Amino acid sequence: NRQRHGLPFRLHGTNIVNLYGHEMTGKLASSLPHVVAKTIFEEFRALVRQRSPMLIQRGHVSSDRDYTKVIKLLLPLYVDDERAVQQVFSCSYPVR
């Protein structure tokens, strides 16, 4: 079920809400517009496979934003020495 729907956003900070235009705290990425959700799923799947931090630099997928590129740092988090990624810590920086 987690593979299909993803993990819920535990906290989606105010600046990120303003940046992306979506309040996601407690919600799944699948509730975002399809092109955005697809991009997030692909990034998080790659992180789970890689099991190590990732730096992503890509164009923004929504045409209605006033910036052209997003730089993201994704960190996999583990619980109780489990081998599977349990949570993802993500930081985003827009480039105008």
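Calculation criteria
- Residues numbered from 1 in each chain as written.
- Predicted model: local features only at pLDDT ≥ 70, side-chain atom pairs only at ≥ 80, totals over all residues.
- Heavy atoms only, no water.
- Buried < 20%, exposed > 50% of the residue type's maximum accessible area, 1.4 Å probe, protein only.
- Helix = DSSP H or I, 4+ residues; strand = E, 2+ residues; numbered from the N terminus.
- Pairing = 2+ DSSP bridges.
- Salt bridge = Lys/Arg side-chain N within 4 Å of Asp/Glu carboxyl O.
- Core = buried A, V, L, I, M, F, W, Y, C linked by side-chain atoms within 4.5 Å.
- Contact = heavy atoms within 4.5 Å.

## Thoughts on the pairing of strand E1 (residues 54-59)
Phase 1 of the analysis: Residue alternation in E1 divides its side chains into a buried set, Met54, Ile56 and Arg58, and an unburied set, Leu55, Gln57 and Gly59.
Phase 2 of the analysis: Where E1 meets strand E2 (residues 69-77), six bridges bridge the pair, whose relative direction is antiparallel. The partner of Met54 across the bridge, within E2, is Leu74.

## As for the pairing of E2
Phase 1 of the analysis: Taking every second residue as pointing to the same face, the buried face of E2 carries Val70, Lys72, Leu74 and Pro76, while none of Lys69, Ile71, Leu73, Leu75 and Leu77 on the other face is buried.
Phase 2 of the analysis: Looking at chain direction, E2 and strand E3 (residues 87-95) are connected through nine bridges and run antiparallel. Bridged to Lys69 within E3 is Val95.

## Concerning the pattern of salt bridges
Two side chains of opposite charge can pair, provided their charged atoms sit close to one another.
Phase 1 of the analysis: Evaluated as defined, the whole model comprises three salt bridges.
Phase 2 of the analysis: Across the pair Lys38 and Glu42 runs a salt bridge, and its minimum N-O distance is 3.1 Å. Taken together, the residues Lys38 and Glu42, both in helix H3 (residues 34-50) and four residues apart, mark about one turn of the helix.
Phase 3 of the analysis: Note on Glu42: relative accessible area 41%, which makes it partly exposed.
Phase 4 of the analysis: Here Glu43 ties to Lys72 by a salt bridge, and the two come within 2.5 Å at their closest N and O atoms. Residue Glu43 is located in helix H3, and its partner Lys72 is located in strand E2; the two are separated by 29 residues in the primary sequence.
Phase 5 of the analysis: In this structure, a network of salt bridges that share partners links the residues Glu43, Arg58 and Lys72.

## With respect to the nonpolar core
Phase 1 of the analysis: Formed by Phe9, Met24, Ala29, Leu32, Val36, Ala37, Ile40 and Phe41, the largest nonpolar core amounts to eight residues.
Phase 2 of the analysis: Among residues more than four places away in sequence, those in contact with Phe9 are Met24, Thr25, Gly26, Lys27, Leu28, Ala29 and Ile40.

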